[in-house]
Amino acid sequence: MTAETVAPRLRTAVPRQMGASMADVVNRASGRGVDAERRRAIAPDALAPELARAAAEVAGVCVRPVIGKVTDTSSGDTRTVAIPCGSTRESRCPSCADRARRLRMHQCREGWHLTDEPERPLPERVDLLPDGDGEEQADDGDGEDEADDGDGGSRRVRSTRRRRDVPDLPRVPMEDRTVGRTFEAPNGTVYRPSMFVTLTLPSYGRVTAEGVPVDPSRYDYRRAALDAMHFAKLVDRFWQNLRRCAGYRVQYFASVEAQRRLALHLHAAVRGAIPRRIFRQVRAATYHQVWWPAHDTPVYVDRLPVWTDAGYVDPDTGELLPAWDDAVDAIDDPAHVVRFGEQDDLRGVNPGTPGADRDIGYLCKYLVKSIADTYDDDSELPPARAAHIDRLAEECRWLPCSPGCANWLRFGVQPKDAEPGMTPGHCKGRAHDRENLGLGGRRVLVSRQWSGKTLAAHKADRAAVVRAALEEAGVDPDDHDELSISGSDGRWDWEVLGRSRVDEATYAAAIAEAIETRQRWRREYEAARELTAARAGPAPPPVIGEAAA
Ligand SMILES: [Zn+2]
Ligand SMILES: [Zn+2]
């Protein structure tokens, strides 16, 4: 990429899903089982529109809810409700992002130091968070063999070429367990340690303390971008290798984040303790080869291939570009190889220590930020930082993110499943977004047998804790049904209103109601805790901040 092609910053909008199900909307709006106080309509002037966002932020309710209108078909009564946006990004909605982060911390805590085997989860992927920010729970790639990204079906031919340049890893018998071993100290104390590990990517050139290249012209932006784009595969491979060498089914809760220089790194809570020597051996031996056609030299920059019935052709000669499968079959060498850097941080962690909890906070701390915004506030970006981000973003914009990426046309190859209208530089893949800087997939990677629960179950758990506390204190828990998910009884018509169809006063009133509901929850929950404490016994865990709607 040359300097003159640097384009204005990309801000690709990704369509977002709503943060709540239809059943949620109906429950909320119908006030199912809710006291008369709650059903009372909020006065339209309850909150000045210009204060709505700030008030919502202070109260911890969604600052940009979607407004739903629900009509009771029997009475004709209509009611508007605020549906939380469910974003995981602080810059979009601090309240929803904070709730999502706390949920992740809860999930991390639940699985880290298990002493009994968790239930084996169902094979189905039933655990996707209904948010648009790409943090689905991961499959942990339990499979024994390398996946082939060429999608070209020539895996067998290549397999003999693999792993020639890496040291052999020790292979130990696999025990059928996911929990860590115990160790007995000389004084008889028994420990069951786990680990907190950080893995990084290699250097692309010297950087200053501010994380910007000392000499941008000698910083390897292309490699930095490619490594980021294929980082998730490298991480998958690492866990597979680690399992073979550790001798048990190692489980992890990991987050992918940016270092100050904007290279990705991985923090992971790992269940059980693995000798550092083994860890480092696996780290050094792990690599991921990208079996894609070469894409180091752009072929079509100003002239672009043209779509015909046969596929994309050269605009001047009319010659058909090689089809994806043919281009893959012709590969002799991987287009790119990703490896970890030499830096790592491997620490033993004992359950129940302050350090263990601190680590969980650290693991989840930056999940509310995008990769590019991790260390910077976009509004006051120093020029050198801005230039560094822009340069890396530019590289990510033009490299192919997947076999079906439109950017293949730039390198003279038909994208897999090519179709009309593909333009290099305009692929919708997330990896190209300026805020993601190459990371196209998940920020949180959780192995399947981390806690034996899905994220949805963790969510339900927290609601259950609140409910149990209320019940114990003699408050009817059915009055607090916001988090339950059940079907509609067909008595309600509902409609989600586009923002343009909601006037400011209605919008503000809906937010006011959400704030009031949350505050009532909190009061009742606090009262319930006090009452329960007064009746003896320890107080229930303080989770109201996470569970209130
Ligand atoms: Zn929100
Ligand atoms: Zn793409």
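The residue numbers shown here count from 1 along each chain, following its written sequence. To label them, take the chains in the order written and letter them from A, then take the ligands in the order written and number them from 1. In view of the model being predicted, local features appear only for residues whose pLDDT reaches at least 70, and side-chain atom pairs are presented and counted only at 80 or more, with totals across whole chains, interfaces and linings using the full set of residues.

1. Side note on helix α10 (residues 354-365)
(1) Moving on: In this text, helices come from DSSP runs of H or I with a minimum length of four residues, and strands from runs of E with a minimum of two, each type numbered from the N-terminal end. The span you would expect from a helix comes to 1.5 Å times its residue count less one. In a regular helix each residue adds 1.5 Å, so twelve residues correspond to 16 Å; α10 covers 16 Å between its end C-alpha atoms and thus fits that length.
(2) Moving on: Three exposure classes are used, all based on how many other C-beta atoms lie within 10 Å of a residue's own C-beta (placed from the backbone): buried at 20 or more, exposed at 12 or fewer, and partly exposed between those limits. Burial in α10 covers these residues: Asp359, Ile360, Leu363 and Cys364. Buried residues of α10 fall within an arc of 120° about the axis and therefore sit on the same side. Those residues of α10 that are exposed and aimed more than 90 degrees away from the buried face are Pro354, Gly355, Arg358 and Gly361.
(3) Moving on: Where α10 is buried, its residues meet α4 (94-112), β5 (194-200), β6 (252-258), β7 (264-270) and β12 (344-349). This arc is built from the directions going out from the helix axis to the C-beta atoms. Throughout, a residue-residue contact means that the two C-beta atoms, derived from backbone geometry, are no farther apart than 7 Å.

2. Digging into the sheet that holds β7
Strands pair in a sheet through their backbones, by hydrogen bonds, and they do so in one of two ways: parallel or antiparallel.
(1) Moving on: Strand order across the open sheet formed by five strands is β12-β5-β7-β6-β13, with antiparallel pairing between neighbours. Each edge of the open sheet is held by one strand with a lone partner, namely β12 and β13 (444-446). Looking at each pair of strands side by side, their axes are set apart by 15° on average, direction ignored.
(2) Moving on: Taken strand by strand, helix α8 (residues 276-285) contacts β5 and β12, and its axis lies near 150° from that of β12. When DSSP finds two or more bridges between two strands, those strands count as paired. All axes here are fitted lines through C-alpha atoms, helices being fitted over the stretch that makes contact, and every angle between N-to-C directions spans 0 to 180 degrees.

3. A few points about the environment of glutamate 516
(1) Moving on: One can find glutamate 516 in helix α13 (residues 504-534).
(2) Moving on: When the 18 C-beta atoms within 10 Å are taken as the criterion, glutamate 516 is described as partly exposed.
(3) Moving on: Remark: the alpha-carbon pair of glutamate 516 and alanine 59, spanning 457 residues in sequence, is separated by 9.0 Å.

4. Some thoughts on the confidence of the model for the protein
(1) Moving on: Per-residue confidence from the predictor is given as pLDDT, running between 0 and 100. Summary statistics for the protein give a mean pLDDT of 78 and a share of 73% for residues scoring 70 or more.
(2) Moving on: Looking across the protein, the model is least confident in helix α14 (residues 544-547), with a mean pLDDT of 38, and most confident in helix α6 (residues 221-229), with 98.
(3) Moving on: Low pLDDT, under 50, characterises residues 123-157; the predicted model gives this stretch 65 contacts beyond four residues in sequence or across chains.
(4) Moving on: Predicted confidence for residues 539-549 stays below pLDDT 50, and this span has 33 contacts to residues more than four positions away or in other chains.

5. Some points on the nonpolar core
(1) Moving on: Definition of nonpolar core: a set of buried Ala, Val, Leu, Ile, Met, Phe, Trp, Tyr and Cys residues joined via C-beta atoms within 7 Å. Of all hydrophobic cores here, the largest spans 107 residues; its most connected members are Phe231 and Ile511.
(2) Moving on: Split by domain, the residues of this core number at least three in each of domain 1 (3-87 + 479-536) and domain 2 (115-120 + 136-300 + 332-393 + 431-450).
(3) Moving on: Apart from residues no more than four positions distant in its own chain, isoleucine 511 is found in contact with Leu47, Ala52, Ala55, Ala56, Val61, Pro65 and Ala82. An automatic or database domain assignment supplies the residue ranges for each domain.

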